[in-house]
Every structure is written in structure tokens, then in C-alpha cells.
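Residues per chain are reported as follows:
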Amino acid sequence: MVNDCDIIVVGGGHAGCEAALAAARMGIHTVLITIDPDTIAQMPCNPAIGGLAKGQLVREIDALGGEMAKVIDATGIQFRMLNTSKGPAVRSPRAQADKHLYKKEMRRRLEAQENLTICQDTVDSLLTRGSKIAGVVGGSGAEYRADAVIITTGTFLKGLVHIGDSMEPGGRAGESSAENLSDSLRAIGLQLGRLKTGTPPRLDRKTIPFEELTPQYGDKTPQPFSFSTAEITQPQIPCHITFTNPGTHRIIRDNLNRSPLYTGQIKGTGPRYCPSIEDKISRFADKDAHQIFIEPEGIDSDEVYCNGISTSLPPSVQEEFVHSIRGLERARIVRHGYAVEYDFVPPTQVKADLETKAMEGLFLAGQINGTSGYEEAAAQGIMAGINAALKLQGKPPFILDRSEAYIGVLIDDLVTKGTLEPYRMFTSRAEYRLILRQDNADRRLMRYGHQFGLISDPQWQALEEKESLINQTRAYLRENLYRGESLEKILRKTETHFDHLTELGSQHKLQAMRLPQDVREQVEIEVKYEGYIQRQLAQVERFKKMETLNIPSWLDYGKIPELANEARQKLSCVRPASLGQASRISGISPADVSILLVYLRGKAHRG
Ligand SMILES: Cc1cc2nc3c(=O)[nH]c(=O)nc-3n(C[C@H](O)[C@H](O)[C@H](O)COP(=O)(O)OP(=O)(O)OC[C@H]3O[C@@H](n4cnc5c(N)ncnc54)[C@H](O)[C@@H]3O)c2cc1C
């Protein structure tokens, strides 16, 4: 059987959903092949979207025309803006998801999408034509032909699920792994590595006395993720907080020799910033309590997620340590925690548009590139979908740089530095975070989404009107005085907020302008942080200069004898597109960059 289309997306996780939607919306006939369509957009770990830096990624995906923000707005059950007491650069939205509704809603949107077909199959191998991709072959024996393929297989490639000393193939608990595709990736010259991640036990909410625990409520007025959502209408419910204690730690410590993380059974490297409870107790031996958030998995679900106690200890030890925690003494474990090890492709083997260097038309996105997290996966997914579509349309690739978006930081880090452990996004990874705020993602990126046809004309016009209002308001504040001081100067004072200005008796015009909240917010941030923003913009200009000093892709680093061996090897492996990117490769020194600059200038001179 032969199925022809233009783009194939392998995998229906968070990367696959965004990739498939973007490509189909750009008018490309797309087929999404996934092991089980019932698990499309599954949240195998935390039932939440967003969080520090991840929230920025979701807002950026939305500004480009992606789906994650809209789906969480429709299915979220507790919204919180994090870090509201800190500056706007580090504020991030987060929402608990009703994970069952989330899955259902994302699938409904995929099924309603023109140009998009969903197929159930397990992709076993790649079809190639010389150095170009030609399609894939499924375990069913079906052949699917296409000019571009995007692989988004998450934790499934040779996935191995560990609980205590039990170890069996699986992409996630209860789901089969993809055993054959790794060999096909190796056969085209890709190198593969091994990573690991883990998840905590899920408990039966009926067995927990919540009145004994500390509740944590969401924001009074939940703020939507998507720039196109007017308000959140889902009912909102609280999470609860409890803590581990010295008794819990003793049980875990006494059983470390039964954890596959410590027996040597697990070989892959785990996420440093999302450690298992075994790791926390070993690494922070002096701490006698770790916080646990008890998070609902859905409005109608009896299962709750225990954020903070990811583990792969044997079931009996999980029971014992969970029961040692206040409020969980009689909790029934519905699903035990586990760890999963899987193959990934060290991402210096992909280019900044996420196409592999080994095979034209083959793109990789999501956890297969060494990342961890739904948002990181979705961000790469939309970029791979756009780039695969642009390639088929004969257009240049779409690459966001580090000064434009967290998505740019994420992909640049992956393709330039690579990663040896599951990579997750942090605000500290972004150099220009005062510019890359969650509140201005639309102003930074929507023009691209509109250019690709992923943002509708009415949405684009709404943004243009917002820009115009911001400009008018800023001019008004600059030009109008109150008791001899410009309104702009008054707003710059720490204790003044925009609403105070409208209260100043003589400023009727500001009241009459009836400015929407998002306009007032933009003006206030721009005015208050103007000095810092200007400084960062100057840094961006210097950065852009380095980024425009292009290095030709065919450059033979072996012919630059002044470079040290290590630098030559690293530059040949990453093949940076610019001197800026070259300077970010770990192990490349400023001296190496100067040598390259002199060489390139000489070459340009020699012609
Ligand atoms: C146990 C566990 C714990 C986790 N813990 C954390 C954590 O602590 N912190 C964190 O940030 N993230 C965690 N994650 C990671 C998070 O789930 C992923 O980062 C995110 O879901 C990756 O998205 P993805 O789209 O790349 O892949 P996934 O969401 O894994 O989706 C992969 C999709 O591809 C399909 N597929 C795979 N192989 C094939 C094939 N050969 N043919 C067809 N279809 C295929 C699968 O069926 C699935 O639909 C955890 C994941 C698991 C499983």
C-alpha cells in the first residue's frame, strides 16, 4: 500500500501536533503517523503547561500561530502568573491542565484541520532517494511517501521502562516502544545517545484528607495564555501542598540500593533540574524536607499527581515512603512512579531550521533532540513544521535568533552547544530577557506568523491597532504635564502605576482613551524599564553584527592551520552559519574567533 503526501510527521506528541498543524495550515498535504491516536497530546508527566521560561515559549508559539496556548486556555483548571513580585522579564504564566480534556481538545483541532490526515502506525524505517528523504515505512508494512519527514518520537525510541529491578520495553508505562526506527536513523549516519526521565506516583484523591493540607489557589482573574483568548471560562480548582520529612528520607536512603538509578541498571543521563526524589535526597543530604504539590489531573479525574517525588524505586518502597508523608498516610497509589530510558539524537547533528545535516528533507523536533518538557517540544514542533513547509515551497528557512525569542535561544543552544542531559528552558539561558518577555511575544513574533498564513488577518489588524494605541499613549505621556512634570516622568517612579495616572484629576483624556489592560501594561513596562531596555537593545545590535558575519557552509576548517585541533574538530562538527554562532560553541575561544575572522576577511579579499 502506498500513501502519498507532501510532509509526514512521525509522532503525535506535543512537537508532532504543532508541526502537523503548522505544515497543514501552510497549505501542505500532511500526514501525522502515530503509534496510538488515542494518546495524541498526552501529558505523561506533570499535568501543567507553562512555568518559568516555559510560559514564554508557549506565548511565542501562540504568536507564531500555534495551538498549545489556545488548548490550555480551553482546558486549564488553575492559572497562575509566576514571579509577579519580580520584574516583568521573569514573569511567566503557568496553568494546571485537565489532561484528559487537553488531549481531547488537541485531537479535535487536528481532526478538524484541512490538509491533515491522522494514521495509526509505528514507523520502523526511512525511505530515501540518494541523499534525500522519500518517506517512511510503518510496522504495518504500509509505505508512506513524502518530500519531507519530521520525526518527533519523544521517549519512544528503544524506550525502556524501569521500576525497581523490573525493566521492560515501553515508550511510557503501558505503551509500546518504537524498536526499529533508531537503526534506520543510524544507517543514514546519525549518531544516537541515551537519556532518561522519570515520573512520580499518581494517587487516588478519595484517599487524601485535603482539609489537612495547605491549599494553593490560582489567580483571582486567570490570565489566558493565548493572545486570542478573551477570558478563561473553565471552573478553577486548588492544588495542595505537603512535605517529605526525615522519616521519608530514611526510607528512601535505606532503599537506594534498590533504585535502578543507583544500581547501574539505568545508563542514560537524567534531567538535572527535575531530579528524582532519590537524587534530591542524595544531593541535598542536609535538607530534611522537600515540598510536594498535589495537583489534580482533571476536573472529573480521581487521580492526583505528586509534583516533587519522581521515583523509580520498587512499588513496595514507593508505598512505604508515600505513606510516611503528612496527609498521604492512607493514600492509595493508582499508578506507580517509573523511569524511562530512550534514544535521542545529539542535536548538533541538526541545522538551525531543524533539518538534519545527514539527510535533506529529514527534520527532527522535540525530545528526540535531547530536550525535556512539553513546551520545549511544541516550540521545536512549530518551527520544524514551518521550515519543512517553506522548504517544499522553495522558500528560505525561518530561523529566530537569540535576540528575538526564547525559541531562538532554545534551538541555538541545541544546535550550537548540543546537550548531554535532558535540556530544559530557563530564563537565565536568555541574554536579552528584558526584551524577550511573555507579555510582548505578539509584538515580537506575530508578523512572522501572519507572513506564513498562520495568523489571521483580523488578528494581525488587532495587533496593529494595539501598536498604534501604544504609540499614541507614549506620545501623550511625553507631551503632557502634571504640576510641571511630564506624565512619563511620573510613571517612571517606582511607586506609580498606570492606573494612578488616570486618577490624576486633570488627565481626562487618558480616561477617555479607555485603554485596554494589555496596552496599559506595555506602556508601563516600556516607560519604567526604558533605560535597561535601551541598554539591552544596544547589546542586541552588537550581537546582530556578529550574526551577520556569515561563514560559508562549505568552509574547510582543515585549511586554517592557525586553528587548534580541538577548534577545527568542533567547528567542522557544528558548521556554524555565522561568527556569532561560532563564538557560542563550547570550547571555541575568542582567539579562535579572531583567527576565523582574519581568515574570512583574507578570503574575501583574495576572492
Ligand atoms: C515518564 C516521563 C517522565 C517525564 N518527566 C518529565 C519531567 O520531569 N519534566 C519535563 O519537563 N518533561 C518530562 N517528560 C517529558 C515530556 O513528556 C516530553 O518532553 C514531551 O512530551 C516531549 O514531547 P514530544 O512531542 O517530543 O514527544 P512525546 O510527547 O513523547 O510524543 C511522542 C509521540 O511519538 C509517537 N511515536 C513514537 N515513536 C513512534 C514511531 N516510531 N512511529 C509512530 N509514532 C511514534 C508516540 O506514540 C507519541 O505520540 C517526561 C516524559 C515521560 C514519558
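Because the structure is a prediction, the values reported are computed rather than measured.

> Help me understand the site of the ligand, please; the structure alone is not making it clear to me.
Among the 34 residues in the neighbourhood of the ligand, the closest are listed as His 14, Ala 15, Val 123, Gln 367 and Gly 373. Measuring from an oxygen atom of the ligand, one finds a side-chain N or O atom of Gln 367 at 2.2 Å. Secondary structure elements with two or more residues in the shell around the ligand: α1 (14–25), β3 (30–34), β14 (193–199), β21 (338–344) and α10 (374–392). Here the shell around the ligand gets three residues from one element, more than from any other, and that element is β14. Classifying every residue of the shell around the ligand by side-chain character gives 14 nonpolar, 17 polar and three charged.

> Quick question: what am I supposed to make of the environment of Gly 558 here?
Along the chain, the position of Gly 558 falls in the loop between α18 (530–547) and α19 (565–574). In this structure, the C-alpha to C-alpha distance between Gly 558 and Ser 572, residues 14 residues apart in sequence, is 8.4 Å.

> Please explain the sheet that holds strand β17 (residues 239–243) as it appears in this structure.
Hydrogen bonds between backbone groups are what pair the strands of a sheet, and the pairing can be parallel or antiparallel. One open sheet accounts for six strands, arranged β16-β17-β18-β19-β15-β20; its pairing is antiparallel. Both outer strands of the open sheet, β16 (214–216) and β20 (333–335), are each paired with one neighbouring strand and no more. Ignoring which end each strand starts from, the neighbouring axes of this sheet average 35 degrees apart. Pairing between strand β15 (residues 202–204) and strand β19 (residues 303–307): three bridges, direction antiparallel. Within β19, the position partnered with Arg 202 by the bridge is Tyr 305.

> Sorry if this is basic, but what is going on with the side chain of Asn 369 here?
When you line up the elements, Asn 369 lands in the loop between β22 (362–364) and α10. Within the local environment of Asn 369, its side chain forms a polar contact with the backbone oxygen of Leu 364, the two atoms lying 3.0 Å apart.

> What's the story with the sheet that holds strand β13 (residues 166–169) in this structure? I'm lost.
Reading across from one edge, β13-β12-β21-β14 is the order of the four strands in this open sheet, with antiparallel pairing throughout. Sheet topology places β13 and β14 at the edges, where each strand pairs with a single neighbour. Averaged over neighbouring strand pairs, the angle between their axes works out to 25 degrees when direction is ignored. In this sheet, β21 lies alongside β14 in antiparallel orientation, the contact comprising seven bridges. Within β21, the position partnered with Thr 199 by the bridge is Tyr 338.

> I tried to follow the packing of aromatic side chains on my own but got confused; where do I start?
How two aromatic rings sit relative to each other is given by the distance of their centres and the angle of their planes. A full pass over the atoms with the stated rule returns five aromatic pairs. Pairing Tyr 432 with Phe 543 gives two aromatic rings, centres 5.6 Å apart and planes at 55 degrees, and the pair type is tilted. Placement of Tyr 432 in the loop between α11 (406–417) and α12 (441–451) and of Phe 543 in helix α18 is noted, with a sequence separation of 111 residues between them. Of the two residues, Tyr 432 and Phe 543, neither departs from the other in class, the shared state being buried. A centroid spacing of 6.4 Å and a plane angle of 50 degrees characterise the contact between Tyr 529 and Tyr 532, whose relative ring orientation is tilted. Over the face of the ring belonging to Phe 227 we find Arg 59, whose NZ or CZ atom lies 3.9 Å from the ring centre.

> So what exactly am I meant to see when it comes to the packing of helix α6 (residues 246–254) against helix α9 (residues 315–323) here?
To describe two helices that pack against each other, one gives the angle between their axes and the distance between the axes. One way to put it is that α6 packs onto α9 with a least axis distance of 8 Å and a crossing angle of 165 degrees. Judged by the inter-axis angle, α6 sits roughly antiparallel to α9. Of the two elements, α6 crosses α9, and the hand of that crossing is right-handed. Residue-level contacts link Thr 248, Ile 251 and Ile 252 of α6 to Val 317, Glu 320 and Phe 321 of α9.

The rules we used
- Residues numbered from 1 in each chain as written.
- Predicted model: local features only at pLDDT ≥ 70, side-chain atom pairs only at ≥ 80, totals over all residues.
- Heavy atoms only, no water.
- Near = heavy atom within 4 Å.
- Polar contact = N/O pair within 3.5 Å; in protein donor to acceptor, adjacent residues only side chain to side chain.
- Helix = DSSP H or I, 4+ residues; strand = E, 2+ residues; numbered from the N terminus.
- Nonpolar A, V, L, I, M, F, W, Y, C, P; charged D, E, K, R; others polar.
- Pairing = 2+ DSSP bridges.
- Axes fitted to C-alpha atoms, helices over the stretch in contact; angles between N-to-C directions.
- Phe/Tyr/Trp six-rings, centres within 6.5 Å; stacked < 30°, edge-to-face > 60°.
- Buried < 20%, exposed > 50% of the residue type's maximum accessible area, 1.4 Å probe, protein only.
- Lys NZ or Arg CZ within 6 Å of the ring centre and 35° of its normal.
- Parallel < 35°, antiparallel > 145°, perpendicular 65-115°, else oblique.
- Left-handed = near helix turned anticlockwise from the far one by under 90°.
- Contact = heavy atoms within 4.5 Å.

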